[in-house]
Amino acid sequence: MEGPDGSGKTTQIDLLKKYLENRGFDIVIAREPGGTEIGEAIRKIILNRDYQEMSHMTELLLYASARAQLVNQVIRPALEEGKAVICDRFVESSAVYQGIGRGLGVETVYEVNGYALGDVAPKLTIFMDLDAETGLKRKKHQTKLDRMELEDLTFHKRVVEGYRQLAQLYPERIFPVDATLPIEEIHSMITSEVEKRFFQK
Ligand code: TMP
């Protein structure tokens, strides 16, 4: 599940989890960066507002390190046990935030993340499409902003544009949803896509 901050990913993940459980699946939820003890420790470093001097490459590698731990400790074992995994953010977040937002290049991001992912790849990426202003406004009410959220509006606009570009380039793996629609409507769009892709064959 991908999208800018404040786009409603968590709500949709909870609904999708219940839906798939009712369909008989064992579901594992993983969030990024984090989802493991080591990953959560890395998350604290990445999002710490005091670390303004962090270089873009350090940031990319830290996200990839947290991801490598998550893949090896949680995702691959779950898949091997026949479970389904829903990830709150994954490699496409690095493609847009570090590749496009920070300007490191999408190819570099995929290359570095190849080491973290190995043979694990998402079967479907759902992109909650919301413009940057609305997302940030929703966030500001909730929490103290972290190092990424503190970035200016132009950065967050690049991120959203990046998601839109990737969704256009790779329609076979990225499914965009209008995140301004009512929660239930989004949920049913997501479940029909999941049905279409995984169960109607
Ligand atoms: P979260 O607020 O969804 O937990 O994500 C933390 C922040 O990290 C969010 O602003 C997006 C950013 N992020 C990246 O920049 N690159 C990544 O690879 C991931 C997973 C998240």
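So, here is what we can say about the structure in this document.

What counts and what doesn't
Residue positions are given per chain, counting from 1 as you read along its sequence in written order. Reporting in this predicted model follows two pLDDT cut-offs: at least 70 for local features of residues, and 80 or more for side-chain atom pairs to be given and counted; totals over whole chains, interfaces and linings ignore these cut-offs and use all residues. The side-chain quantities take in all heavy atoms of the structure and omit both hydrogens and water. Any residue with a non-hydrogen atom lying within 4 Å of a molecule or strand is treated as near it. Under this definition, polar contacts are N or O atom pairs within 3.5 Å; protein pairs additionally need one hydrogen-donor-capable and one acceptor-capable atom, and for neighbouring residues in sequence, both atoms have to be side-chain atoms. Note on areas: Shrake-Rupley, 1.4 Å probe, and residue coverage restricted to the protein chains presented here. Helix and strand assignments follow DSSP, with helices taken as H or I runs no shorter than four residues and strands as E runs no shorter than two, numbered in order from the N terminus. Under the scheme applied, nonpolar residues are Ala, Val, Leu, Ile, Met, Phe, Trp, Tyr, Cys and Pro; charged residues are Asp, Glu, Lys and Arg; polar residues are all the others, including Gly. We call two residues in contact when some of their heavy atoms are within 4.5 Å. Lines are fitted to the C-alpha atoms to define the axes, a helix being fitted only along its stretch in contact, and any angle between axes, read from their N-to-C directions, falls within 0 to 180 degrees. Handedness of a crossing follows from how the near helix is turned relative to the far one, being left-handed for an anticlockwise turn of less than a right angle and right-handed for a clockwise one.

Moving on, we come to the site of the ligand. By nearness alone, 13 residues border the ligand, and Y63, R67, R89, S94 and Q98 come closest of all. One of the side-chain N or O atoms of R89 is found 2.7 Å from an oxygen atom in the ligand. Within the complex, the protein chains bury 94% of what would otherwise be the 470 Å² of accessible surface of the ligand. Of the residues forming the shell around the ligand, the biggest block, four residues, is contributed by helix α4 (residues 91-101). Residues of the shell around the ligand, tallied by class, amount to five nonpolar, three polar and five charged.

In this section: the environment of M1. By secondary structure assignment, the location of M1 is in the segment before α1 (9-22). Each C-alpha atom, one on M1 and one on K144, is 23 Å from the other, the two residues being 143 residues apart in sequence. Once residues lying within four places of it in the same chain are set aside, the contact partners of M1 are K9, Q12, I13, C87, D88, R89, I126, M128 and I190.

Direction vectors running N to C along α4 and helix α5 (residues 106-117) enclose 145 degrees, while the axes themselves pass 9 Å from each other. When you trace α4 past α5, the crossing you get is right-handed. Contacts between α4 and α5 involve V91, E92, S94, A95, Q98, G99 and I100 from the former and V106, V109, Y110, N113 and L117 from the latter. Within the contact of α4 with α5, the residues separate by chemical class into seven nonpolar, four polar and one charged.

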